Amino acid sequence: MLKCEMNGSQVKVFGKAIQALSRVSDELWLDPSEKGLALRSMNSSRSAYGCVLFSPVFFQHYQWSTSMKMNDDDRPLNLNCKLGMKSILPIFRCLTSLERNVEKCKIFTRSDKCKVVIQFFCRHGIKRTHNVCFQESQPLQVIFEKNMCNNTLMIQPRLLAEAIVLFTSSQEEVTLAVTPLNVCLKSSSEESMDLTNSVYSEMSVDPDEFDFFQIGLDTEITFCFKELKGMLTFSEAVHVPISIHFDFPGKPMALSIDDMLLEANFILATLADDRSRASSPQSLCLSQTQKRSDLIQSNTKADKSGTSQAPECISRKTAPKRLYSRESPTNNPAGETCGNPQTKRANGGNIFEVPESSLSDTDEGPGSPYLRKAAAENN
């Protein structure tokens with residue numbers, strides 16, 4: 001069961017999270033737990049994953065309880081709702097209007113009818129009710145040790161937005177090149193060289209412009225541009241810096257924001273080269289020419305407790321056009337995760353489901369003024 005209430009300002013932030021996740025996939029999971037309400041999404045090729053966790057104190061009212069159904073261990077199951085993005089996205093499309101006109105928003109589930117009910121209580125006594133059908137399905141989760149990455153950048157969203165404004169709307173991938181003295185964001189060299197539709201752009205950013213700058217490895221990584229724009233839009237909405245964690249090509253990168261009231265993590269695959277494959281035998285590589293493709297089926301085996309180990313990373317490569325795993329991951333997936341490390345293998349074997357849904361605990365930062373204001377309104 002899920003019941004939560006928000007005011008107009010909180011609705012805007014909630015809607016921005018849905019819009020950001022819509023750039024990842026056409027499916028959205030609502031995953032309530034004692035840690036708050038998590039919104040999760042993963043694309044069909046399983047090369048991009050997004051999760052936004054709203055703390056219970058983000059809402060004016062938050063109530064959650066487990067389902068009466070039991071799993072094999074006689075533990076109550078969480079209520080997991082998989083929604084079609086095309087169904088819920090139009091409800092939160094006009095966020096400026098919602099923030100101005102909505103006095104209160106209620107979201108609750110009707111498990112007997114498999115529906116999520118979203119009610120807007122607007123000015124002048126107007127009440128709008130939306131019933132969205134859902135399918136009970138546990139969300140897929142990805143475990144990624146972002147704190148173990150050699151390179152970490154933290155930048156204000158406005159500065160990053162100015163850097164990417166050079167790229168055209170048709171840009172599919174961008175390359176991030178870093179050294180201890182320079183950060184360069186440029187068009188991917190893998191893009192089509194069609195002279196009628198080809199523009200090469202490059203932007204250099206001085207290290208002094210970053211709130212936090214740690215480069216332990218000179219590298220260039222190439223990743224999809226669409227998810228970066230989605231995360232950047234959400235970061236601008238909550239006025240919180242965006243952090244970028246990455247290593248060498250072929251190992252995934254993490255885009256994250258951390259605040260007192262919410263946490264967001266996007267895990268994106270990167271193109272791999274021969275050197276990165278040689279230095280990272282545990283990576284699961286993806287093949288790609290110009291577009292994403294599927295992860296291979298993992299060869300990891302369940303341990304004695306019946307759980308399987310999560311992949312160390314998700315990655316992509318340009319050639320050869322096949323997928324492989326050179327070694328199985330180690331038995332130590334410890335580190336910061338986007339879910340509970342107690343996992344089991346999903347149907348496809350190439351991504352993992354987590355029965356208990358939660359994001360990793362993070363140190364509480366000072367919090368943005370925007371979200372501190374929302375917390376004050378709750379009291």
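S.K.: It is not clear to me how the overall build of the protein should be interpreted in this structure. Could you clarify?
M.R.: The secondary structure content of the protein amounts to seven helices and 24 strands. Within the protein, the fraction of its 379 residues that count as buried is 53%. Long-range pairs, those at least 24 residues apart, make up 69% of the contacts in the protein between residues at least 6 apart in sequence. Entry remark: accessible area of the protein is about 17200 Å², with carbon and sulfur atoms responsible for 48%.

S.K.: What should I look at first to understand the sheet that holds strand β14 (residues 182-187) in this one?
M.R.: In sheet architecture, strand pairing relies on hydrogen bonds along the backbone and comes in two forms, parallel and antiparallel. If you trace the four strands from one edge of the open sheet to the other, you get β15-β14-β13-β17, paired in antiparallel fashion. Where the open sheet ends on each side, the last strands, each with one partner, are β15 (202-205) and β17 (219-224). Looking at each pair of strands side by side, their axes are set apart by 20 degrees on average, direction ignored. Bridge analysis of strand β13 (residues 173-179) against β14 gives six bridges, and the strand direction is antiparallel.

S.K.: Looking at this model, I keep getting lost on the nonpolar core. Mind explaining?
M.R.: Within soluble globular proteins, side chains that are nonpolar generally end up buried alongside one another. Among the nonpolar cores identified, the biggest contains 72 residues, and Leu-39, Phe-54, Phe-92, Phe-120, Leu-176 and Phe-234 are the most heavily contacted of them. Ignoring anything within four residues of it in the chain, the contact list for Phe-54 reads Val-13, Phe-14, Ala-17, Lys-35, Gly-36, Leu-37, Leu-39, Phe-59, Leu-261 and Leu-262.

S.K.: For this particular structure, what's the right way to read unusual backbone geometry?
M.R.: Across residues other than glycine, the phi torsion is negative in most instances, and most of the peptide bonds are trans. Its identity as a non-glycine residue notwithstanding, His-124 has a phi of 65 degrees, on the positive side. Considering the arrangement of structural elements, one finds His-124 in the loop between β8 (115-122) and β9 (127-133). When its relative accessible area of 79% is taken as the criterion, His-124 is described as exposed. Notably, His-239 is not glycine yet its phi reads approximately 60 degrees, a positive angle. Looking at the element boundaries, His-239 is found in the loop between α5 (225-238) and β18 (242-246). Its relative accessible area of 47% is what places His-239 among the partly exposed residues.

S.K.: Whenever I open this one, the environment of Asp-258 confuses me. Can you help?
M.R.: Within the fold, Asp-258 resides in strand β19 (residues 253-258). Judged by relative accessible area, Asp-258 falls into the partly exposed class, the value being 31%. Considered as a pair, Asp-258 and Ser-235 are 23 residues apart in the sequence and their alpha carbons are 9.8 Å apart.

S.K.: Help me understand helix α4 (residues 157-164) in this model?
M.R.: Spacing of three or four residues puts side chains on the same side of an α-helix, whose turn is 3.6 residues. Where α4 is concerned, the buried positions are Pro-157, Leu-160, Ala-163 and Ile-164. Here the buried residues of α4 occupy an arc of 120 degrees about the axis, which is enough to place them on one side. Structurally, α4 contributes buried residues whose contacts are with β12 (151-155), β14, β15, α5 and β18.

S.K.: Just to check I follow, could you spell out the packing of α4 against α5 for this structure?
M.R.: Two packed helices can be described by the angle between their axes and the distance between those axes. Packing of α4 against α5 brings their axes to within 9 Å, and their N-to-C directions diverge by 145 degrees. The interaxial crossing formed by α4 with α5 has left-handed handedness. For the pair α4 and α5, contact is made by Pro-157, Arg-158, Leu-160, Ala-161 and Ile-164 and by Phe-225, Leu-228, Lys-229, Leu-232, Ser-235 and Glu-236, respectively. When its residues are assigned to classes, the contact of α4 with α5 shows seven nonpolar, one polar and three charged.

S.K.: Quick question: what am I supposed to make of the pattern of salt bridges here?
M.R.: If charged atoms from side chains of opposite charge come close, those side chains can pair. In the structure shown here, the tally under the stated rule is six salt bridges. Measuring nitrogen to oxygen at the nearest pair gives 3.8 Å for the salt bridge that ties Lys-82 to Glu-27. Pair noted here: Lys-82 is in strand β6 (residues 81-84) and Glu-27 is in strand β2 (residues 27-33), with a separation of 55 residues, a long-range link. Between Lys-186 and Glu-220 there is a salt bridge, with its nearest N and O atoms 3.2 Å apart. Remark: Glu-220 occurs in strand β17 and Lys-186 occurs in strand β14; sequence separation between them is 34 residues. Residue Glu-220 is classed as partly exposed on the basis of its relative accessible area, which comes to 42%.

What counts, and where the lines are drawn
- Residues numbered from 1 in each chain as written.
- Predicted model: local features only at pLDDT ≥ 70, side-chain atom pairs only at ≥ 80, totals over all residues.
- Heavy atoms only, no water.
- Helix = DSSP H or I, 4+ residues; strand = E, 2+ residues; numbered from the N terminus.
- Buried < 20%, exposed > 50% of the residue type's maximum accessible area, 1.4 Å probe, protein only.
- Contact = heavy atoms within 4.5 Å.
- Areas by Shrake-Rupley, 256 points an atom, 1.4 Å probe, with all protein chains shown as cover.
- Pairing = 2+ DSSP bridges.
- Axes fitted to C-alpha atoms, helices over the stretch in contact; angles between N-to-C directions.
- Core = buried A, V, L, I, M, F, W, Y, C linked by side-chain atoms within 4.5 Å.
- Arc of directions from axis to C-beta.
- Left-handed = near helix turned anticlockwise from the far one by under 90°.
- Nonpolar A, V, L, I, M, F, W, Y, C, P; charged D, E, K, R; others polar.
- Salt bridge = Lys/Arg side-chain N within 4 Å of Asp/Glu carboxyl O.

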